[in-house]
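Here's the letter readout for the chains.
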Amino acid sequence: MSTFGGKLLETSLDFIRIDDFQTRNFDGSAFFLSHFHSDHMRGLYSSEFIKLLVEDDNKMLYCSMFTKYMVLSKDRCCKIPMEKICAIEVNSTLVVQHNNRESVQVTAIPAGHCPGSVMFLFEQGKTCILYTGDFRIHPNDVKKIKALHDRSGMVKKIDTLYLDTTFCHTKYLTFPSRNQSLEDIVDLIASWLNEDCLNEVGIRYNSYHGLEPILILISQRIKERIWIADERSYANYAVIPELHDMLTSEKLSAKIHLCPVSSQGECQRCLRTGKFIKTIKPCAMSFNLQQLQKSRVKEDCNVVRVAYATHCSLEELIKIVSYLKPENTYPCVVPNNTSHEQVLENLQLSVLKLQTDEKENLLSCANESSDQESTSSSSWFQPTKMSYLSKLQTSNLSTTNSSDDSLSPITPPAKRRCSSQVNEAVGCSSVQSQVQDLTINETDSSDSIEVIEEPLSQGDTIEDDSPPL
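Residues numbered from 1 in each chain as written. Predicted model: local features only at pLDDT ≥ 70, side-chain atom pairs only at ≥ 80, totals over all residues. Heavy atoms only, no water.

A. Inspection of the pattern of salt bridges at higher detail. Per the stated rule, a full pass over the model turns up nine salt bridges. A salt bridge links glutamate 123 to lysine 156; its shortest N-O distance comes to 3.0 Å. Of this pair, glutamate 123 sits in strand β7 (residues 118-124) while lysine 156 sits in the loop between α3 (139-142) and β9 (160-163); the two residues are 33 residues apart in sequence, bridging distant segments of the chain. On the accessibility criterion, lysine 156 (22% relative accessible area) is partly exposed. One salt bridge connects lysine 157 with aspartate 159, and the closest N-O pair in it is separated by 2.9 Å. Classification of lysine 157 as exposed rests on a relative accessible area of 52%. (Salt bridge = Lys/Arg side-chain N within 4 Å of Asp/Glu carboxyl O. Helix = DSSP H or I, 4+ residues; strand = E, 2+ residues; numbered from the N terminus. Buried < 20%, exposed > 50% of the residue type's maximum accessible area, 1.4 Å probe, protein only.)

See below:
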């Protein structure tokens, strides 16, 4: 449950409103949108809010460049004038003035949640506020963010941290790294398609964008075109250069498709394809600590859930809060069956130690019984050793490998096998590469995290340990 109503507690910043554009916030003048997900856009497209922006020269909407594009995209027939949306370049600072008040410096920092998602750092005199929005950043990456450190390399004094606490619960102590989740999903898809030439894959997700890293790796590793029936989703993904030539609106030409967001559990193509379809659902809510000790995937009939998190785990949250040491922490989300006080308690380092001990016990028990247990998910899916490409970035979704990851060239999938009955009726040829290998250089993107210039201690390497709406 969201507990943040859009208004900061600091009286000197009472003209700022964030991620809530309903009537109760119309008295603000500087409106900020952290990312393009509907639960952070309530009231944005209402005629009342648009009228407010148009008729008052002092009111503006601020967001990242990618988010501005999404807001103005033609398929939504947006009536917000382009000149009323001010794009803040990632890792840059904008000065916002309100009447005769002291100006505020606003810095947009990559949030790692979805393309275009940013955190906002507000600085006014001695006041320093960090609003994370939805985010997933590895704790070691926080140490590299220049905007959070002063010239000497010390962490800035943060008065209030408005924190994404979606998974601030002891059940969600840890999540797989983003690299690991991407590998699991793509290996699973490749394995299923190679089993039979009639096999197909549907990908189910409850947002109109956010799968960019997965789709890019699919296009590079499997080299199959991806059919997107939903016009809104197609428009969102087609703006990504690395995906432009891999998407299709012709359903017969693709073995992989995105299930329409509106249909979810009743995707007609999945239903028609029957036993030849496997539906992949990237998600985080289904994978608590106990489940992750068994497997990173869960299969129910032909629907396979794969652990894929775009919010920080409890362990990551504790380490980030411990490093930043804010004077106050405001939990923006209270998980189900949890109180505000319990969320704050969960953010203490003592909880991390207790839960880490529990995790080690669970791992020990899992290892002892691994020879006796066999689940449906682990029996058919064994993730291969990570062989991930060296650089992958979609907008501000930076995924830098840790030093453990071995790098190997991307190879096309093996020839698909047909069952003996199918071979008599269908001629199945080997899969041909449809696009050239893509290399995405994160250092060329304006959405890369801007790092501090001072040398860091040995072992402080950037790691990628990075749910949908």
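B. Representation of the nonpolar core. The biggest cluster of nonpolar side chains holds 51 residues, and the ones touching the most others in it are Leu44, Ile189, Ile203, Leu215 and Ile218. In terms of residues, this core owes the most to one element, helix α4 (residues 178-195), which gives eight residues. Within the second largest apolar cluster, 30 residues are counted, among which are Leu121, Cys128, Leu314 and Ile320. (Core = buried A, V, L, I, M, F, W, Y, C linked by side-chain atoms within 4.5 Å.)

C. Fine view of helix α9 (residues 314-324). For α9, the buried fraction is high: eight of the 11 residues fall into the buried class. Those residues of α9 lying buried are Leu314, Glu315, Glu316, Leu317, Ile318, Ile320, Val321 and Leu324. Remark: lysine 325 follows α9 within two positions and exhibits a positive phi of approximately 50°.

D. Examining the pairing of strand β16 (residues 303-307) more closely. Bridging between strand β14 (residues 277-283) and β16 involves five bridges; their strand directions are parallel. Residue pairing for β16: lysine 281 is matched across the bridge by arginine 305. By the bridge criterion, four bridges tie strand β15 (residues 297-300) to β16 in an arrangement that is antiparallel. In the sheet register, glutamate 299 faces β16, and the bridge partner there is valine 304. The turn linking β15 back onto β16 is made up of two residues, and cysteine 301 within it adopts a positive phi angle of 55°. (Pairing = 2+ DSSP bridges.)

E. Structural context of the sheet that holds strand β2 (residues 30-32). Reading across from one edge, β1-β2-β3-β4 is the order of the four strands in this open sheet, with parallel pairing throughout. On the outer flanks of this sheet lie β1 (16-18) and β4 (85-87), each paired with one strand and no other. Direction aside, the axes of adjacent strands within the sheet are offset by 25° on average. Where β2 and strand β3 (residues 60-63) come together, three bridges link them in parallel fashion. Directly across from alanine 30, in β3, lies its bridge partner methionine 60. Running at roughly 150° to β4, helix α2 (residues 65-72) makes contact with β3 and β4 of the sheet. (Axes fitted to C-alpha atoms, helices over the stretch in contact; angles between N-to-C directions. Contact = heavy atoms within 4.5 Å.)

F. A look at unusual backbone geometry. We note that asparagine 91 has phi near 70°; this positive angle belongs to a residue other than glycine. Looking at the element boundaries, asparagine 91 is found in the loop between β4 and β5 (93-96). Given the relative accessible area of 18%, asparagine 91 is considered buried. The phi angle at lysine 325 is positive, at roughly 50°, despite the residue not being glycine. Along the chain, lysine 325 turns up in the loop between α9 and β17 (328-331).

G. Layout of empty space enclosed by the protein. Here the second largest cavity is characterised by a volume of approximately 60 Å³. Met119, Leu130, Thr132, Phe135, Ile137, Val142, Ile145, Leu148, Leu161, Leu163, Ile320 and Leu324 together form the lining of the second largest cavity. Only β9 and α9 provide two or more residues apiece to the lining of the second largest cavity. (1 Å grid on protein atoms, 1.4 Å probe; cavity = no way out; pocket = protein on both sides within 12 Å on 5 of 7 lines; lining within 4 Å. Points joined across faces, edges and corners; volume = space filled by probe spheres on them.)

H. Local environment of the packing of aromatic side chains. Inspection of the entire model under this criterion finds 15 aromatic pairs. Look at phenylalanine 32 and phenylalanine 122: their rings are 5.2 Å apart centre to centre, the planes differ by 90°, and that puts the pair in the edge-to-face class. With phenylalanine 32 in strand β2 and phenylalanine 122 in strand β7, this residue pair connects regions lying 90 residues apart in the sequence. Given a relative accessible area of 0%, phenylalanine 32 falls into the buried group. Across from the ring centre of tyrosine 208, 4.1 Å away, lies the NZ or CZ of arginine 232, which sits over that ring. We note lysine 278 situated over the ring of tryptophan 192; from NZ or CZ to the ring centre the distance is 4.4 Å. (Phe/Tyr/Trp six-rings, centres within 6.5 Å; stacked < 30°, edge-to-face > 60°. Lys NZ or Arg CZ within 6 Å of the ring centre and 35° of its normal.)

I. Structural context of α4. For α4, built from 18 residues, the straight-helix expectation of 26 Å at 1.5 Å per residue is met to within 8% by its first-to-last C-alpha distance of 26 Å. Burial analysis of α4 places 16 of its 18 residues in the buried class, the great majority of the element. (Expected span 1.5 Å × (residues − 1).)

J. Representation of the environment of isoleucine 50. Along the chain, isoleucine 50 falls in helix α1 (residues 47-55). Spatially, the C-alpha atom of isoleucine 50 lies 7.1 Å from that of lysine 79, the residues being 29 residues apart in sequence. Among residues more than four places away in sequence, those in contact with isoleucine 50 are Leu44, Tyr45, Lys79 and Ile80.

K. The environment of isoleucine 228, seen in detail. As for its position among the elements, isoleucine 228 is in strand β11 (residues 226-228). A residue is classified by how much of its surface remains accessible, and isoleucine 228, at 3% relative accessible area, is buried. For the pair isoleucine 228 and lysine 251, spaced 23 residues apart in the sequence, the C-alpha separation amounts to 7.9 Å. Each residue touching isoleucine 228, except ones within four places of it in the same chain, is listed here: Ser233, Tyr234, Tyr237, Leu247, Thr248 and Leu258.

L. Fine view of the sheet that holds β5. Ordered by their spatial adjacency, six strands build an open sheet running β5-β6-β7-β8-β9-β17, and the pairing between neighbours is mixed. Two strands close off the open sheet at either side, each with one partner strand: β5 and β17. Strand-to-strand twist across the sheet, computed as the mean angle between neighbouring axes with direction ignored, equals 20°. Summarising the sheet, β7 and strand β8 (residues 127-131) pair through five bridges and their orientation is antiparallel. Across the sheet, leucine 121 pairs through a bridge with leucine 130, a residue of β8. With respect to the sheet, α9 is in contact with β8, β9 and β17, its orientation differing from that of β9 by roughly 165°.

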